[in-house]
Every structure is written in C-alpha cells, then in structure tokens.
Amino acid sequence: MKKILIIIFGIIAGLFTSCQEDFLEAPAKSTLDESIIFSNAGLAKGAVDGIKEPFGQTNSYRGRFIPFYGFNTDTEWNLNSDKENDAQADLMIYDTKPSNSQMNTDNNAWSQMYTGIERANICIRGLRAFGNPLPGTELGQLLGEALTLRAIYYADLMKAWGDVPARFEPINSETLYIEKSSRDIIYKQLIADLGEASTLVAWPNEIPATATVERINKAFVKGFRARLAMVASGYMQYPDAVRRSTDPDLSVGAMYQLALNECKDVINSGKASLEPSFETFWKKYNQENIAAGGESLWEIPFADGRGRVLFSFAVRHRSVDQFTGQPRGGIAGPLPTVFYDYDEADLRRDITCVPYQWGTATNGISKQELIGSESWNFGKYRYEWMNRFVTSTNDDGVNKIYMRYAEVLLIAAEAANELQGPAAAAPYLKEIRKRGFAPADQPVKVDAYVNGLSTKQAMLNAIVNEHKFEFTGEMERKQALIRWNLLKTNLEDAKVKMANFKNRTGEYADVPTTLYFKYKADNVSLDIYGLNRGENVDPGVDYSAKTWNSLTDIKVNSLFKTGVDPDTRQYWPIWQVFLDGSNGKLVNDYNY
Amino acid sequence: MTNHSLFDYFFSYLKLGEKIFAHIKKAFLPFVIAMLFLGANNIYAQNKTISGTVTDGDLSGPLPGATVLVKGTTNGASTDFDGKFTLNSVNPNSTLVISYIGYITQELNIAGKSNINVVLKPDMAALDEVIVIGYGTSRKSDLTGSVVSIGGDDLKKQSISSVAEALTGRLAGVQVTSSEGSPDAEVSIRIRGGGSLTQDSSPLIIVDGFPVNSMSDVTPSDIENITVLKDASSTAIYGSRGANGVVIITTRSGKDGKISASFNMFYGAKKIANTIDVLEPDDFVKWQYEYALLRDRLDTYQNIFGLYQDVDQYNGLKGNNWQKQIYGQMGEVQSRDLAVRGGSDKINFNFNYAHYDEKTIMIGSDFKRDNLSLSLKSKASEKVDLTFTFRYSDTEINGGGANEQNEVSSADARLRHSVGYSPIPLPGLTTDDTDEALSSYLVNPFVAVADNQRKQLRKNYNVLGSFGWEIIDNLQFKMDLGLDNRNDLDYRFYGRSTYYASNRPAAENQGLPSILISDEKRERFRNANTLNYDFKNLFGKEDVHSLKLLLGEEMIISKTNEIATEIQGLPKFFDFDTSRNLTSQGVPQSVDNFYSPDDKLLSFFGRVNYDYKNRYLLTATYRADGSSKFLGDNQWGYFPSAAVAWKISEEDFLKDASWINTLKLRLSYGEAGNNNIPSGQTVQNFQSRNTTYINGVNNYWAASNTLANPDLKWETTVTQNVGLDFDLFKGRISGSIEAYKNLTSDLLINFPVPGTGYSTQYRNMGETQNTGIEASLSIAAIQKADYGLNFSFNVGFNKNNVNSLGLLEDFGANTNWASSQIGNDYIVNVGQPLGIMYGYQSDGRYEVSDFDFNALTGAYTLKTGVVNNSGIVGVPRPGNMKLKDITGDGVVDVNDNTVIGNVNPKHSGGMTINANAYGFDLSAAFNWSVGNDVYNANKIEFTTSNNNGQYRNLSTIMADGNRWTNLDVATGALVTDPTQLAALNANTTMWSPYSTNFVFSDWAVEDGSFLRLNTLTLGYSAPEDITSKIGLSKLRLYVTANNVFIITNYSGLDPEVSTRRKTPLTPGVDYSPFPRSRSVVMGLNLNF
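Residues numbered from 1 in each chain as written. Chains lettered and ligands numbered in written order. Predicted model: local features only at pLDDT ≥ 70, side-chain atom pairs only at ≥ 80, totals over all residues. Heavy atoms only, no water.

So, the overall build of chain A
Then, in step 1: The helix and strand inventory of chain A stands at 22 helices and 13 strands.
Then, in step 2: In terms of overall dimensions, chain A is globule-like: its C-alpha atoms have a radius of gyration of 27 Å, near the 25 Å expected for 592 residues.
Then, in step 3: Viewed in the frame of its principal axes, chain A has a C-alpha envelope of about 115 × 60 × 50 Å.
Then, in step 4: Considering chain A as a whole, with its 592 residues, one finds that 60% of them fall into the buried category.
Then, in step 5: Restricting to contacts in chain A with at least 6 residues of sequence separation, those with at least 24 account for 73%.
Then, in step 6: Taking the average location of the 65 positive side-chain charges in chain A and that of its 74 negative ones, the two points are 1 Å from each other. (Helix = DSSP H or I, 4+ residues; strand = E, 2+ residues; numbered from the N terminus. Rg over C-alpha atoms; globule rule 2.2 N^0.38 Å. Buried < 20%, exposed > 50% of the residue type's maximum accessible area, 1.4 Å probe, protein only. Contact = heavy atoms within 4.5 Å. Lys, Arg positive; Asp, Glu negative; His and termini not counted. Charge placed at Lys NZ, Arg CZ, Asp CG, Glu CD.)

A closer look at the overall build of chain B
Then, in step 1: Helix and strand counts for chain B stand at 18 helices and 58 strands.
Then, in step 2: Rg of the C-alpha trace for chain B: 33 Å, near the compact-globule value of 31 Å for 1088 residues, within the 12% margin.
Then, in step 3: Scored against the burial criterion, the 1088 residues of chain B give a buried share of 56%.
Then, in step 4: Taking contacts inside chain B between residues at least 6 apart in sequence as the whole, the part at least 24 apart equals 71%.
Then, in step 5: Carbon and sulfur atoms make up 54% of the accessible area of chain B, which totals about 43,300 Å². (Areas by Shrake-Rupley, 256 points an atom, 1.4 Å probe, with all protein chains shown as cover.)

Concerning the interface of chain B and chain A
Then, in step 1: Contacts between the two partners involve 71 residues from chain B and, on the opposite side, 71 residues from chain A.
Then, in step 2: Counting each side, the surface lost to burial between chain B and chain A is near 5,900 Å², with a carbon and sulfur contribution of 60%.
Then, in step 3: Of all residues in chain B, the largest losses of buried area upon contact with chain A belong to Phe686, Tyr693 and Trp701 of chain B, amounting jointly to 14% of the total for that side.
Then, in step 4: One salt bridge connects lysine 29 of chain A with aspartate 598 of chain B, and the closest N-O pair in it is separated by 2.7 Å.
Then, in step 5: For the interface between chain B and chain A, the tally reads 21 residue pairs in polar contact (both at pLDDT 80 or more).
Then, in step 6: Looking at the side of chain B that touches chain A element by element, the count peaks at five residues for strand E34 (residues 699-703) of chain B.
Then, in step 7: Of the residues belonging to the side of chain B that touches chain A, the class tally is 35 nonpolar, 27 polar and nine charged. (Buried area = accessible area lost by both parts, 1.4 Å probe. Salt bridge = Lys/Arg side-chain N within 4 Å of Asp/Glu carboxyl O. Polar contact = N/O pair within 3.5 Å; in protein donor to acceptor, adjacent residues only side chain to side chain. Nonpolar A, V, L, I, M, F, W, Y, C, P; charged D, E, K, R; others polar.)

Here's the deal with the pairing of strand E47 (residues 859-862) of chain B
Residue and element names in this part refer to chain B.
Then, in step 1: Relative to E47, strand E46 (residues 851-854) is paired through four bridges, and the arrangement is antiparallel. Counted as the bridge partner of aspartate 852 is threonine 861 from E47.
Then, in step 2: Hairpin connection of E46 to E47: four residues between the antiparallel strands, including glycine 858 at a positive phi of 75 degrees. (Pairing = 2+ DSSP bridges.)

So, helix H7 (residues 298-305) of chain B
Along an α-helix, residues three or four positions apart point the same way, because every turn accommodates 3.6 residues.
All names here are of chain B.
Then, in step 1: For H7, the full list of buried residues reads Thr300, Tyr301, Ile304 and Phe305. Taken around the axis of H7, the buried residues stretch over an arc of 100 degrees, which confines them to a single face.
Then, in step 2: Turning to H7, the residues buried within the fold contact helix H6 (281-294).
Then, in step 3: Immediately beyond the C-terminal end of H7, within one or two residues, lies glycine 306, with a positive phi of roughly 95 degrees. (Arc of directions from axis to C-beta.)

Concerning the packing of aromatic side chains
Then, in step 1: A complete count under the given rule lists 77 aromatic pairs over all chains for this structure.
Then, in step 2: Here tyrosine 285 of chain A and tyrosine 381 of chain A contribute two aromatic rings whose centre-to-centre distance is 5.9 Å and whose plane-to-plane angle is 80 degrees, an arrangement assigned as edge-to-face. On the criterion of sequence distance, the pair formed by tyrosine 285 of chain A in helix H11 (residues 278-286) and tyrosine 381 of chain A in the loop between strand E9 (377-378) and strand E10 (400-404) is long-range, its members being 96 residues apart. Exposure class is identical for tyrosine 285 of chain A and tyrosine 381 of chain A. Each is buried.
Then, in step 3: The cationic tip of arginine 492 of chain B hangs over the ring face of tyrosine 494 of chain B; the distance from NZ or CZ to the ring centre is 4.0 Å.
Then, in step 4: Directly above the aromatic system of phenylalanine 1010 of chain B lies the positively charged group of arginine 1012 of chain B, at a separation of 5.3 Å from the ring centroid. (Phe/Tyr/Trp six-rings, centres within 6.5 Å; stacked < 30°, edge-to-face > 60°. Lys NZ or Arg CZ within 6 Å of the ring centre and 35° of its normal.)

Focus on the pattern of salt bridges
Residue and element names in this part refer to chain A.
Then, in step 1: Tallied over the full model, the rule gives 85 salt bridges over all chains.
Then, in step 2: Here glutamate 288 ties to arginine 388 by a salt bridge, and the two come within 2.9 Å at their closest N and O atoms. One end of the pair, glutamate 288, is in the loop between H11 and strand E4 (296-300); the other, arginine 388, is in the loop between E9 and E10, and 100 residues separate them in sequence.
Then, in step 3: Residue classification places arginine 388 among the buried residues on the basis of a relative accessible area of 17%.
Then, in step 4: Note that aspartate 341 and lysine 497 form a salt bridge whose closest N and O atoms lie 2.9 Å from each other. Taken together, the positions of aspartate 341 in helix H13 (residues 338-341) and lysine 497 in helix H20 (residues 487-503) put the pair 156 residues apart, joining distant regions of the chain.
Then, in step 5: One continuous salt-bridge network, built from bridges that share partners, spans Glu295, Asp346, Arg348, Lys380, Arg404, Arg433, Arg435, Glu466, Glu470 and Glu474.

Considering the sheet that holds strand E14 (residues 204-207) of chain B
Either a parallel or an antiparallel arrangement is found when strands of a sheet pair, and the pairing is made through backbone hydrogen bonds.
All names here are of chain B.
Then, in step 1: Taken in spatial order, the five strands make up an open sheet running E11-E16-E17-E14-E15, and their pairing is mixed. Pairing within the sheet leaves two strands with one partner each, and these edge strands are strand E11 (147-151) and strand E15 (210-212). Here the average twist between neighbouring strands, direction ignored, is 25 degrees. (Axes fitted to C-alpha atoms, helices over the stretch in contact; angles between N-to-C directions.)

Comments concerning a nonpolar patch on the surface
Then, in step 1: Together, Tyr616, Leu618, Val644, Trp646, Phe653, Leu665, Leu667 and Val722 of chain B make up an exposed nonpolar region whose accessible area comes to about 680 Å².
Then, in step 2: Going through the elements one at a time, strand E30 (616-627), strand E31 (636-647) and strand E32 (660-674) of chain B are the ones with two or more residues in the nonpolar patch. (Patch = residues over 30% accessible without salt bridge, like charges linked within 9 Å, V, L, I, M, F, W, Y side chains within 5 Å.)

Comments concerning the side chain of arginine 524 of chain B
Residue and element names in this part refer to chain B.
Then, in step 1: Relative to the helices and strands, arginine 524 is located in strand E26 (residues 514-534).
Then, in step 2: In terms of polar contacts, arginine 524 uses its side chain to reach the backbone carbonyl oxygen of proline 211, at 2.9 Å.
Then, in step 3: Here arginine 524 is in contact with Phe210, Pro211, Val212, Asn213, Gly482, Leu483, Asp484, Ile556, Ile557 and Ser558, once residues within four sequence places are set aside.

Details of the packing of H6 of chain B against H7 of chain B
All names here are of chain B.
Then, in step 1: Orientation of H6 relative to H7, taken along the N-to-C sense of each, is 150 degrees, at an axis distance of 7 Å. The orientation of H6 with respect to H7, classified from their angle, is roughly antiparallel. Facing Phe284, Val285, Gln288, Tyr289, Ala292 and Leu293 of H6, the residues of H7 in contact are Leu298, Thr300, Tyr301 and Phe305.
Then, in step 2: When the residues that make up the contact of H6 with H7 are grouped by side-chain class, the tally is eight nonpolar, two polar and no charged. (Parallel < 35°, antiparallel > 145°, perpendicular 65-115°, else oblique.)

Focus: helix H6 (residues 109-130) of chain A
All names here are of chain A.
Then, in step 1: The terminal C-alpha atoms of H6, which comprises 22 residues, lie 31 Å apart, in line with the 32 Å expected from a rise of 1.5 Å per residue.
Then, in step 2: Across the 22 residues that make up H6, a large majority, 18, are buried.
Then, in step 3: Asparagine 132, located one to two residues past H6, shows a positive phi value of around 55 degrees. (Expected span 1.5 Å × (residues − 1).)

Thoughts on the environment of phenylalanine 168 of chain A
Then, in step 1: Looking at where phenylalanine 168 of chain A falls in the secondary structure, it is placed in the loop between helix H7 (138-161) and helix H8 (183-200).
Then, in step 2: Those residues in contact with phenylalanine 168 of chain A that sit more than four places away from it in its chain are Asn121, Arg150, Tyr154, Ile186, Gln189, Leu190 and Asp193 of chain A.

Considering unusual backbone geometry
Residues and elements named next belong to chain A.
Then, in step 1: Note that the residue after phenylalanine 71, namely asparagine 72, is joined by a cis bond; omega there is -25 degrees.
Then, in step 2: Within the secondary structure layout, asparagine 72 lies in the loop between helix H4 (61-68) and strand E1 (76-78).
Then, in step 3: In this structure, glutamate 288 takes a positive phi of about 60 degrees despite not being glycine.
Then, in step 4: When its relative accessible area of 23% is taken as the criterion, glutamate 288 is described as partly exposed.
Then, in step 5: Even without being glycine, asparagine 485 reaches a positive phi, approximately 60 degrees.

Remarks on the pairing of E14 of chain B
Residues and elements named next belong to chain B.
Then, in step 1: Neither face of E14 is exposed, since Leu204 and Ile206 on one face and Ile205 and Val207 on the opposite face are all buried.
Then, in step 2: As defined by bridge partners, E14 adjoins strand E17 (residues 246-251) across four bridges and the pair is classed as parallel. Across the sheet, isoleucine 206 pairs through a bridge with isoleucine 248, a residue of E17.
Then, in step 3: As defined by bridge partners, E14 adjoins E15 across three bridges and the pair is classed as antiparallel. Counterpart to valine 207 in the pairing with E15 is phenylalanine 210.
Then, in step 4: Hairpin connection of E14 to E15: two residues between the antiparallel strands, including aspartate 208 at a positive phi of 50 degrees.

And the structure:
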C-alpha cells in the first residue's frame, strides 16, 4: 500500500515537473536549420535547385507561360485565335480578362514565379548570412545563380504583367500583402543584381558546374543583363501612357551603353559563339545537346518527362507514329506571310516555317501531309529531330531556350547603332546574317545589303526585320515590338499583309494558289512545288495538287481582336484569384 | 437506371441459403433437431387453477395490464382493470413471474396456494439508466447537458460490420453518412453539422477513455454502449477537440458471478444494387459515326468500325455489361465472434475475439479484420481498484476501389472505365493486352482494376491500465495510463495503363509499372489523473444538497513517422503482387522517412455537480488545454461551461401526476476548443523533396508550400443548448426535444494566399454557425410478456451558415474530377452554408430557330439576342447545350456561374421499429434525408463526348431518340438544312453529347432526398426451457437484410454519396463511387 502511494506521488511529481514551459515545445524533426544548409555547398545547391523547380509545375512555365506568352505578333500566332469567346484565344488577341479560365487558377505561372522568387530570396539571405559567398567559390557561384534565377522570374513577371509587387526579402506576416511597385525600381534592382551575379558565376566550361547550359554562366548573365537594359529603357505601357521610363538611371544613353558593354564582354570572351549552321543549331537543340560554350546561353532545364515546348509548338503529329508516342504540336505557328517575307535564299526560312504536319499513322508509320495556308507550323521544334522517343502523354521534356548568342549580337548591333551609328552596328548584323546565307549568296545578301544601310533608321529597320528572320517561333518578338514601340503598328500592318496574301494582291500577287506535291523516295517526306513566288507551272502527273488559299477574313482578323488597340493591352491582367487573395492590395491598371 | 430490386435476388438467395445451411448443418443441426423434439415434449399433469390480484406499490391501487406468466412455459395472462387475473392448468409446484414495464419483476412459488396477492414496486433503476459521460458516469435523470446514447443490445441484434454503420439514423443530431459502397468506405460522422471550414469536423472519439483516430478498430459485439456528447457543457470537460462533439465508446467488462460465454456468427451474400445503363452496341456505333462527322475526322471512324454502309453489321449485337463483370460479383460476408466473461467480486475478466471477412461485389476486392481484446478488473483491496485492457486489431483491405482521394488524376477512376468502355470488341482499339495502354486511351475495365490495385494493412494495439484508490471516504483518486500503437501500411500499384505511369516518372521509366508504399507509424501515450470528491458527508443526511467535485490533469503525446517510398520503372510484365514483393527490380524514385513534430497536449480540468432537492441541478466545468501546435501565450486555451437543469416532475405540483415519470428542462452554455491542424505550422522549416521536373535535379530543399503562422491559436466553439426530456406513462413514452446554437469562431482555416510564394497559410479567421432543433421519441406501444412493439424516432434540423470569412467574402473550391475543364464548382460564401455548388444554369439546348441559316455557306449564325456560350460548350450549333446568361452581356462565360445547389439537408433522421412475439423479434431501421442536393458528376461524364471522349460509350440518357442528332441515317451525312434538322429532332429532348468540355450545370444537380430501409431483421429465440436443456442460456437465429430499399428521385446510383473528400469543401459529389450493394445475412447468437 505504502509502496503504491510512493509510486503515485512519484509519478504525479514527475508529471508536474515535466509541465514546465518546454514540455509543450515540439520542434520539427525531418528538417535542417538554415545555418547548416547555407554554409555547406552541397546542401545549398539543393536549395538553389529548389528555385528552379517551379518552372516545371503544371500551370507554370510548363503548361501556361511558355505555350501562351508572346502571342500574337507580326510573325507568330496561335492557331486557335479565331475561336470565339475562348479562354486560350482571348490570351492571344489582346482581349484577356482577369477571370480567364486557362489562367485564373491559384497555381498559375504568376504564383509559381513568386514561389521561385521566395525560394531565391531565402537562398540569397541564407547564403549572405551563413555562406561567405566569394567569387570563385562554390557558394559564390550559387549566390550568383540565385540572383540570376530571381531576375529571370521578375523579368518574365514584368514582361507579362507590367508593374508587379517587389519582394526581395523572404515573406513574413507584415509583408504578406503588399502593393505593386514601380517596374523601374525592380528593373534597377535586377540590373544591379545581375551586375553582382556576373562577378560571381563562371564562364561556360570554366568550372564543371557551367559545362551545360542548364546552369547559370557568366555569358548568360551578361547577355541577359543587356537584354534587360534594353527592355528597361525601351518603350512600354505604363499606367499613364506608352512611353520610355522617366527615371534618369534608365535612360537610353545609360542603358544602351551598359548593354553594349555587356554584349562586347560576351563577344570578346570567346566563351560563346554562333553555331555555323542554323539548321544544325536547331537539330542539336531538339537532340537535347546541352553542352555549354556554343550558341545557347541558358535553357529552362526541363527533365525528360516534363515540359510542353514541343507538345505545344512542334510540327504537328496527328497520331502516335515512328517519331513520337505523343501526337501533339501545332498549337501555334508563323503567320502565313512570314515564309514569303524571307529572301528565298535565306537558309533560315525552311527551318522556321513548315507547311505540313505528320498525318494519321498507318501501321505506326506516318507521312507528311500538307496543311492549309493559314496554319503553318514552326519548324524549329520537331519530334522527328529528337534522339529520344517521347512516351509521356502530356510532356515532351525538351528544354526552352531562354537566350542564345544571336540575340547578344543583335543587341550589340542595336545599341552600337544608337550610340555610335550604323557603321558600328554593321559587323554584328553581318555576323548574324552571314549564317543565314550560303557563301555564294553572302556578297550580295550580306555585305552589300548591310553596307547599304547608311542611316540610323535604316539600320534599326533592318535590325527589326532581322529579328523576325532570326527569332520567329521563339516568342521573343512581342517584347521586342513593345520596346521598339511597334506593337500596334506592326500588328495592324500584319493584318493588311495577310489580307493582301489572302487576295494575292500587292506584295503577294505572285504567290501561287496551288501547291503540287508528291512523296520522295522515302515515301514519307513531301516534295513540294509551288511554295515559291512564281512557281505556277504544273510540274507533271506524278504530282498531286492542293489549293493553297484557305486563309479567311475571320482568321486574318483574329490576329488581334477588332476594335482593340494592342498598345492598350500590352500586358495580361493580374488574374482574379490573385486580386481576391491580395487583401485589396492588388489592382489591375490599364483599364482592365 | 436499372433497379435490381430485392425480389429479383430472392431466388439467388435461395441458392445461397442452401450454402449457408450447409455451413450451419455441420455444427448445429444436431441440436436444432434436439430443440424441436424438446419443444414438443411438454408434459402436463394434475394441474390446478390459480387466481390473484396485482397492486401498484407506488400508488397502492390495482395495477391493470401486468403480465403473469408460469415460468418456463407460454402459459400466462394479463391483469384486468381491477388488477385481477386467473390462470388455468398450472402445475401446482411451478413459479409465477409477474412483470410490468417500469416495475421490478417478481417471481413467486405457488406451492400450496390458489390465491395470491402481489405488490409490484416501481423500478427506478430501469427507468434511469446510467450514462457514461466524460471522466465519469451519471444517472440519465441527472444529466444537464445534451447527451444521447445507444446500448450494445441494439448493436448486437443485427449483423453489422462496423460501429459507425450501427449508428446510422439512430441518434438525433448525429448524422452518419457513408461515402460510397466499399467495405472500407469513409464514414462521415457529423454532430450538429460540424463547425470547421477547411479542417475535418469529425467528433472526438474516445474508447474506454482513450482518444482514437477511428472507431473502426473496435468490434461491434464488444461494445457495452456508445454515448454521444453534443453540447459544450458536456464536451467542455474534454476541452480541446471536443468542439465537434464527442463519441464515447465503452467496451464490455466482466461481470461478477459465473463464467459465461457467448458466440455470434453470421454469413451473408451481397449483390450490386444499381448500375448505370449504357447504349446498346448499335446505338454506340451510330453515335461514334456522328461524333466522327461532327469532328470532321471521318477516318477515325472508318479505321475502327468500317464504312458507314456496313453499319447494320452492329445491329442486334449483344454488348458486354462491364459493370456487371467488374462490380457484379456475389459478395460474401462472414463474421464470428466469441466472448468469455466472468469472475468474482475480487477479479473479473472479459475476453473477446472477433473475425470479420468480406469479399465484396468488385473483383479482387476483399476486407478482413481480426480483433482480440482482454480486459481485467480487480479489486485489490477495499480501497483499491485496478483495471487492465489490451486490444488488438488487424485489418487487411485488398483492392483499389473505384476512386481515391489522393489521386494523381481522375483519369484513373475505375467506374468510368466500366461504363465508358466499348461494349463490343473493336480490333485495334480494345484488347485484353495491357499494352493497349500505349496505343489508346480506352482502358479495358479489367486492366484498369488490375492496374490500380491497392493493399492496406492496418495494425493497432492499445494497452490501458488504471488504478483507482479511495483515499478517504468519498475521495476517489484515479490514474489512467494508456499506450496506442498504430501501423498503417499502404501499397498502391500503378500499372502501365495509368496516368501516373505515363506521366509522373522520369521519361526513361514512363509507361512502366510503379508502386507507392506508405508505412505510417503512430504512437500515442496518455496519462490522466483525477480526484473525485462527494461532499455528501458534509451536508449530513438531509439529502437536500448534493455536491460532487472532480479535479484532473491529463497529458497526451502523439508521435508520427511515415516512410513514403515511390518505386518506378518496374519490369513491364510485373503485376501488383510481383511489384510488391520484388521492389528491387524497379528504380526508387523517392524514399522519404519523415518524422512529424510531436503533438503534445497538457490539460487541467475540474467539474462541479450540484443539486438541490434533486430538483435543481447545476454542472460547471472548466478546462485549460496547452497544445504544442501553438506558440507562447497562444498555447493555452481556457474552456468554461455551465449547465442547469430543472426536474419539473420532482416539484410538488406534479407529484400527483402519476403519468409523468420525468420531466426535465435543461439549459447549457459552454465553450470547447479545437486544434485539429497538422503539427508544426508555427515555424517555417526547410523540407527536402524529390522532383522529376528539372533535369539533373532529383531532390531539393525548399520551404513548405504552407506559410508558417506563429500567431495560431485555438479555434473555439460556443454552444448554447436548451432541451426538454420527458418520460411518461412509466417509460412507455420517452424522448427529448432540443434546440441549439453553435458558434465557431477563430476558425482554423487552411487559408489560400495565392501569388505570395506560398499556396496556403493556417489562420484563425472567420466564424461559422450551426443552429438546429432535434427531437427523439420512443414509444413502447405494446409491452406484454409474449409480445411487444416499440418505436423510436429521431429527427434533426440543422442550419449551417458561414458568418464571416475574415478578410474574404468568398472563396471557391474545385472538385477537380474533370481536371481543368470545370473550374471552381463549390463556393464558400459569407451568409450561406458550406457545401454550396457553383455552376451554370442549364437552358436546354440551342434549337434551329435560334440561328440564322446561310444556305450558301451552310453556316449557322446565332440570331442577335441569343446568348453565345462557345467558350464553354464549343461553337454554337443547333443541338448544343445551352446555358443561361446570368450577367446579361449576351455571352456565357465563367462570370455566369452561380449558386445552383446546396448539399445540406433540411432535415435528416431515422426510425426504428422493434417488435417481438413468442420468441420472434423483428426490427426495421429506416433513415432519411430531405432536401439535400447531390452533384451527379457521373451523369455529366456519361452524357458528354468531349475531345477526349471518342470511342467512349454513353449512358442511356443519351440514347438514340433522346439525344439531338444531326445524322441523316439514310445517307450517312450530316443534316444542315434547317427544316430537315428541326424535323429530325422534333421528338428528341436532350442536347447533343458533343461538347468541347464537361459542363457543370444545374441539370447535374439533383435532389438527393431519400428514405432507406437500412436494415430489416427477423430473429427467433428459442424458449429458455428448451435452451437450458442443452446448456445454453440463449439461442437466437436471425436473418437481416441490409439496404432493403431506397425511395428517392435521384437518378444516379445512390444519393448517399460523397466521393471528393480531399477537402471538406466539396461534399456530396457522385463521381465514380464504389457501387452500393444489397445483402441478406443469416446469423446466430448463442449464450452459454
């Protein structure tokens, strides 16, 4: 009895002594402290990898931003643009509403970008506090990557939405809800961040980490910084008007000089260069050649089973066939006129514009079949060029090229033209253009052509055109048109040009209205006659004919919604779900 | 909808009966026969006549209607109006049994007597059962709070597989709904509607004082009684987590006296209740042809079905009934349990073993459970009581069911394959080869089942001990110690045809089988110490005041560890079993050994019970809870409550009203807390995770997607309750009526913070309210020695309302069954209840007259003023589904979504009828729900042919003649001429199945009101004089039919359904449920 008593009181006493403050503490177990993670390069790399993970989320870059941003332009359009009252079409025709059902979800790219930014903010704070990230160290490289990845997310946010909330520190309860900031402030921060990052990260192939274009290298940071400098000082839609920034730090003089300097650094470094053949470059890309030091500077590094670049933009496959287990592609393509804007000798034309798709397979083998003149496919993305057979039903796994060396050259040309005149720009433009033509054509098409550009304006016009020939299908055009203040002008021109093409008048009067085709010896690829201007003679009985004028007025007018001024709709509205979730802090400008 | 009525199956049950009889025959036939002989063997000799009077010991008058029975026989009589009786042919040495409801039964030997006078005394105890309440017991008449209970006898009379099933429709204000028809289907228990918004509103479940996660681990036959505490004055003693009510289960314990044993068994058969009727093969082919024409891809028809001219080859073909093949198995249930109890006043014991085994109606699906329990009670000395209980349960569930909550994609839901799969073999499209997964999105229903296999193994053991000590007179100390250990092992297989297999793994492992293994271990330790003091000595013997005091302290620590393993890229010919046993053949994508932060709770509580003259009762409770889920000052929550009751029947002015036994008015107010969120939400931590999204990155560190909130605190529910209990005519009529208002504030909401970098954050915000009225009534209509009839009836009206959402006005929730084709289809609005369906209003279909026809181009353009819904259904054409334009802008888009349904019933309840006569007993339990809407997603899916819908079959709602058609059968061409098209569809009623998207409109919202005869049991107990001769104290045989019939206007499989349960925001969705079955069960109860 006594013993029991003692035991009871023992237990009760024990309980009450354990009832001190710390009894109710229950720390997390399957975790590590920030101070440990960011002082160890192996662990810190895992945290920096975490910044990239949101690229692959369902409605992020993977399924929404890459397939939908960048349309429609004077060179590229989404082939569903003519669908009435359709969420996808609205995004393309400058008629997007905040409740767009494709985008208005809480896991949309907008929120994924901020997830990436938050992860970057945590990494940057942690690396600075615990890591001693000096240039030339692994932790230094990681800090540079974190700064650059954050800049990528911000650059794309501002590209699509204009002014956005600025978050450069991890969120706490006080900063959970904030208003939009001026984009000028963010651009300046990004340009400064990339300046710091360029001192931290290595050149391509300088260290093992920069051996592939899936990691951030110095050539990309500098090129990207140049691109942002051009954007920040360019024209764009502010809440009051379409104009350049009034911030003196973002003046054309300062920013173009910065861009030119960065481009020159990259060009002079010898760490990046043009692939000698345009076709080889795109083949290598589809073959997932990610070796650094060539033309590609950085790519969004989708794993093999994730990403919808080819899924969206490739030459369309109607069924599972010899090239792909994923019958997809062809949601967008070049405008019907683009093919005819190229010089017939331009080697980039047939890589960029494809007039066929792969038909329904018979016994697993599919053949090329002509499509209508209104629905060209992009040729830069081709399952048939891949080394890998895609098995996923929803993702192709091919990277998205974020920037390539050709753009560095073109920015250099544009900045040099503005600051020093056409002669200073000429070498850069020649270098790009040279690759577009066979050696025999170069004296006329490259040297004489560029040498003839004697005024600043003529050179700028040539750069704007060259941008089309070089970048159609890479969805770089929309932002470029905006900063040149050409969005509205060129889109309106494009409608006129397409109407002319449809009616075969004006500059398209000599484009044939019938194509003739037969299968080549391999019995799957097409031999087409009638694509070039003036090819009007029936080539013979072994060819079949196809009418080549299926473009309609409805389709032409779907480039952007009739009655809408694209310059008042340069940005998408912030989606309703984010407005609702912002505690009243976020509003849409631009009369949305 | 085919209704396989019970009668259809009676014939098949006859066959089954033979099978069962064969089972029983072996063991029991000998004494069944013996029993019959014995029954006929009554000998009568030299009998006499006896008469007498029965008087009421309470009122000293004659007692009419009392039963007088010669013991061991059926010879008996009732007393007349003067309390007199006469019995003939009575053995002079026999014993009379005199009984009357509400009075103590008397036995009297009549040797040497011919006239007897008997005084029956009222049995207060029988009218006043003892109810288990928090940390103690109370006489029913002394209760001040809102408490309902059900005894084990009600549970034992029928065959039930789980405790929750037995509660269905039995208790007022306790709504028990099973989500679908599978044996492990989640059962939702809501006490007065439940208050939480995004968190689970399930009540706290206490088994023998120990909080458990699920009541499914307790055997129904081992239960003494179940008590449900509904208002805060009763639950406040549980403080934390009592906010959604408390269910207290007490298991049986040994009884003093001789050792007794009981054995129960049942065996039964199950059959699918309903199926979805689908198109006949020729109609299926005809629609496929029209679909191909509408999509302008005629080749896709011709490749599979041939030329249209040859379409008559499909006429009259008999299609496969896939649903019957997958879900039409004859299910079998078997149950056996054995209990041995007994002991002396020093020590007694209760041992129980139960085995339950079910083979379900779905192929490859079964359920097994074994329970073992032993409890010991010992009176170590005059002052010391010791108890010890050990419980073990082991459950094995095989089969993937028809859907799942943590699904990768609704594309893998199983019912849809058995409905939508082509009814006829189509070369190139349908094969039994798993490889078809690679060539087509049609998945053979058998392949779908084989590729979505699952095995769950649950083991749970629970050890409880207590030490009670009467330190001084009337001061009782009690210490409880308990340890609960639970292990859930879950294998989920994804075969080659699944969405998971083709999309989730890294590219090199795509299209190969994968297996996910989750091994979760939970450990919970509890210690509670209480002191009870009864002040009766202090007040002397006057019996005017009574005061009792309870003081206590409690501590609960829970630890959880889960190892989640994903293995991908298993060899392509591996099935579920080989994958489970040979995991090293695959590629481990991720092995996550995750330790959750501990969940600790420390509480102090007290309770005072006071009554004055047994007329005025007061209960006051106070509890303080500290939880490790919160930080600093927020750790502690304080929950007071008070209740008063007035026993009106004890007042002098009612003393003479002999027909009133009890009349009591109760009033209570109290607060209860809730911390039902995952632990570790107050501090932001880094988590290591795996990914297959980024090249060369297999794992990464990142903060959780849920933003930490250091300011979290307790959610509090304030309950106000008023109730009236009555017990009239000596207990013949009893019941209660209650009204309540529950206000839950500081709601713990998993609050969306989209666009900030995190997806959600747990917050305290908003307020919900439940108000309602409940009534229960039981009537002992006939109470005779040989026959009787009881009714009991309960109904609850509950009204739920979201009073506030803090910063928000509303937020939406997505059931996601249609992936991104349907957006938010539920909405939480301030001023409305939870479970509001949100979608379009159907406006029938576009008729030819809605369009202008251009004869030149053949194009139909909408007339001005006719709304355009092209973004939702597709380009408008005659026959397309038409939706209403709510905003009035001429265009139907997401802004035209509106409230179209409410899942909350106006009232729900149940009714039980118990009848017995001459050893036979009959019970029927009904339950109903009135005014609730069901979201019939199946109906949408099986009437829509969207872009992914080619080659899929449709339900007969879209049969030829019902659906809009554009097809000229004679020519095989699409009709464009307006007059011809209108004539073609003069008699059709539905729109065309052809649509760009699945569309959620009020057409798919249906009234889910129903009345179900849940169980019907007929039993026979052999007379005692027969059973005693073969050593039994009781022998009962019974037949139970479950889900006998349902009366409803609902067109789907069953209106009691909820298949999208990942969040509580999307209840009442009927999407790919496991079909319900009907069953007939035969059983046996034996007591030794």
